[in-house]
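# A look at the structure
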Amino acid sequence: MKTTVRTINKLKSDGQKIAVLTAYDYSTAKYFDEAGVDIILVGDSLANVALGYDSTQKISMDEMLTFTGAVARGVKSAMVVGDMPFMSFNISLENALKNAGEMIKAGASAVKIEGCSDYILEVVKRCTESGIPVMAHLGFTPQYIHSIGGHKIQGKTLSDTEYILEQGKKLQAAGAFSLVLELLPEESAKYITENLDIPTIGIGAGKYCSGQVLVSDDMLGKFSDYVPKFVRQYANLKDSILNAAKNYCEDVKNGRYPDEKEVTHVNSQN
Ligand code: KIV
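These numbers were taken from a predicted model, which means no experiment stands behind them.

## A closer look at the nonpolar core
With 58 residues, the main nonpolar core has Ile40, Leu171 and Leu181 as its most contacted residues. At five residues, helix 6 (residues 118-129) tops the list of elements feeding residues into this core. The residues touching Leu171, leaving out its near neighbours within four places in the chain, are Gly115, Cys116, Leu121, Val124, Ala136, Leu138, Ala176 and Leu179. Counting 15 residues, the second largest nonpolar core, distinct from the first, contains Ile18, Ile39, Val81 and Ile203.

Dropping the structure here:
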């Protein structure tokens, strides 16, 4: 059965945690779906981990659409959320709605939008009214890195936490169905989670959020340029890939690949 906003709300009201992972390609999305991941986010972290850009600000709407389509084609049941990249929702309401609509046409069932301003609240409201559910994103918001001044933990004081909660309440009132909280002290994320109706999805925000999200290349141990403190590595794909590629090179160079089973002859049956 397809996971929808209603399913996500029910997980929260039943006190069950929500498991979210990012994915960027068809096969990975297929396996995550089969494993029971509730939400697959095609995050703009794609810029760093799959496309090698040094900032998420460099990825385009067209690139996001290509990868969202690939993920959506691999998924049967999880909810696919397409991340709205930098400047894809900031220029005008019309442009934001058009781009959000493109995400849905590519196969997403919801979009994620970073930040909260009067303008963004209007975007969230208009998307929701148009049948495009919105996952909001507060705390550390990478698209605003130049204004924030680096990868800084947010909500370290009570007044900062109250401010984030106030923004969360506004986003909730505008129609956001969930809220990502990135890089917050656990106590702050707990306080915000307890004072919102919509589920919070934490990343580096402790265990009291309604769910957790990790960048798949981090949790699979594939991306190694930097590994944040909050990441738990459930696999070591970097070493698996390195070993597989080294073995392949050796086999090719020593004439061990292909062998008799792996070739076709003129008189072969198949
Ligand atoms: O782009 C992304 O992967 C994200 C998650 C880290 C929440 O925004």
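There's more to say after this.
## A word on the pairing of strand 5 (residues 134-139)
In terms of burial, strand 5 is largely enclosed, as six of its six residues are buried. Every second residue of strand 5 is oriented toward a common face, with Val134, Ala136 and Leu138 on one face and Met135, His137 and Gly139 on the other, all of them buried. Sheet topology note: the strand 5/strand 6 (residues 178-182) ladder contains five bridges and is parallel. Looking across to strand 6, one finds that Ala136 is bridged to Leu179.

## Examining the site of the ligand
Around the ligand lies a shell formed by Thr22, Leu41, Gly43, Asp44, Ser45, Asp83, Lys112, His137, Val180, Ile203 and Val215. Lys112 has a polar side-chain atom sitting 3.0 Å from an oxygen atom of the ligand. Notes on the ligand: free accessible area 260 Å², of which the protein chains cover 96%.

## A few points about the sheet that holds strand 5
With parallel pairing, eight strands are arranged side by side around a closed barrel as 1-2-3-4-5-6-7-8. Across the sheet, the mean angle from the axis of one strand to that of its neighbour is 25°, orientation sign disregarded.

## A few points about the side chain of Asp33
Relative to the elements of secondary structure, Asp33 occurs in helix 2 (residues 26-35). A polar contact of 3.1 Å, which involves the side chain of Asp33, links it to the backbone nitrogen of Ser77. Only 2.7 Å separates the side chain of Asp33 from the backbone nitrogen of Ala78, close enough to count as a polar contact. The contact partners of Asp33, leaving out residues within four places of it in the chain, are Ile40, Gly74, Val75, Lys76, Ser77 and Ala78.

## Regarding a nonpolar patch on the surface
Taken together, the side chains of Phe86, Met87 and Ile91 define a hydrophobic patch exposed on the protein surface, amounting to about 280 Å² of accessible area. With respect to the helices and strands, the residue Ile91 is situated in the loop between strand 3 (79-83) and helix 5 (93-106).

## A short note on the packing of helix 6 against helix 8 (residues 158-174)
Packing of helix 6 against helix 8 leaves a shortest axis separation of 8 Å and a crossing angle of 30°. By the angle between their axes, helix 6 is roughly parallel relative to helix 8. Between helix 6 and helix 8 lies a crossing of right-handed hand. Residues Leu121, Val124, Lys125 and Thr128 of helix 6 lie in contact with helix 8, whose contacting residues are Lys170, Leu171 and Ala174. When the residues that make up the contact of helix 6 with helix 8 are grouped by side-chain class, the tally is four nonpolar, one polar and two charged.

## Regarding helix 9 (residues 186-194)
Among all positions in helix 9, only Ser188, Ala189, Ile192 and Thr193 are buried. Down the axis of helix 9, the smallest arc covering the buried residues is 135°, so these residues share one side. The exposed residues of helix 9 that point more than 90 degrees off its buried face are Glu187 and Glu194. The elements touched by buried residues of helix 9 are helix 1 (5-13), helix 8, strand 6 and strand 7 (200-203).

## Details of helix 2
When we look at burial in helix 2, the residues that qualify are Thr28, Ala29, Phe32 and Asp33. Each buried residue of helix 2 lies within a common arc of 135° when the element is viewed along its axis, so the set occupies one face. Facing away from the buried side of helix 2, by more than 90 degrees, are the exposed residues Tyr31, Glu34 and Ala35. Each element contacted by the buried residues of helix 2 is listed here: strand 1 (18-22), strand 2 (39-42), helix 4 (61-74) and helix 10 (216-219). Regarding helix 2, its N-cap is Asp25, as a side-chain oxygen of that residue lies 3.2 Å from the backbone nitrogen of Ser27 further along.

Parameters and conventions
All residue numbers refer to position in the chain's written sequence, counted from 1. For this predicted model, a pLDDT threshold of at least 70 governs which residues receive local features, and a threshold of 80 or more governs which side-chain atom pairs are given and counted, while totals over whole chains, interfaces and linings are taken from all residues. Excluded from the side-chain calculation are hydrogens and water; included are all heavy atoms of the structure. Only buried residues count toward a nonpolar core. Its members are Ala, Val, Leu, Ile, Met, Phe, Trp, Tyr and Cys residues joined through side-chain atoms within 4.5 Å. Think of it in three bands: with a 1.4 Å probe and only protein chains considered, a residue is buried below 20% of the maximum accessible area for its type, exposed above 50%, and partly exposed in between. Secondary structure counts use DSSP, requiring at least four H or I residues in a row for a helix and at least two E residues in a row for a strand, with both numbered from the N terminus. Any two residues whose heavy atoms approach within 4.5 Å at even a single point are treated as in contact. By this definition, two strands are paired if DSSP reports at least two bridges between them. Think of it this way: one heavy atom of a residue within 4 Å of a molecule or strand is enough to make that residue near it. The term polar contact refers here to a pair of N or O atoms within 3.5 Å; inside protein, the definition further demands a hydrogen-donor-capable atom paired with an acceptor-capable atom, and it admits residues adjacent in sequence only when both atoms are side-chain atoms. Computed by Shrake-Rupley with a 1.4 Å probe, the accessible areas treat only the displayed protein chains as cover when residues are assessed. For helices, the fitted axis covers only the stretch in contact; all axes are lines through C-alpha atoms, and the angles between them, taken along N-to-C directions, range from 0 to 180 degrees. Candidates for patches are residues over 30% relative accessible area with no salt bridge; among them, like charges are joined within 9 Å and nonpolar side chains (Val, Leu, Ile, Met, Phe, Trp, Tyr) within 5 Å. By definition here, a salt bridge exists when the distance from a side-chain nitrogen of Lys or Arg to a carboxyl oxygen of Asp or Glu is within 4 Å. Here is the rule for angles: anything less than 35 degrees is roughly parallel, anything more than 145 is roughly antiparallel, 65 through 115 is roughly perpendicular, and the remaining ranges are oblique. We call a crossing left-handed when the near helix sits turned anticlockwise from the far one by less than a right angle, and right-handed when that turn is clockwise. Gly falls in the polar group here, along with every residue not listed as nonpolar (Ala, Val, Leu, Ile, Met, Phe, Trp, Tyr, Cys, Pro) or charged (Asp, Glu, Lys, Arg). The arc in question is the one traced by the directions running from the helix axis out to the C-beta atoms.

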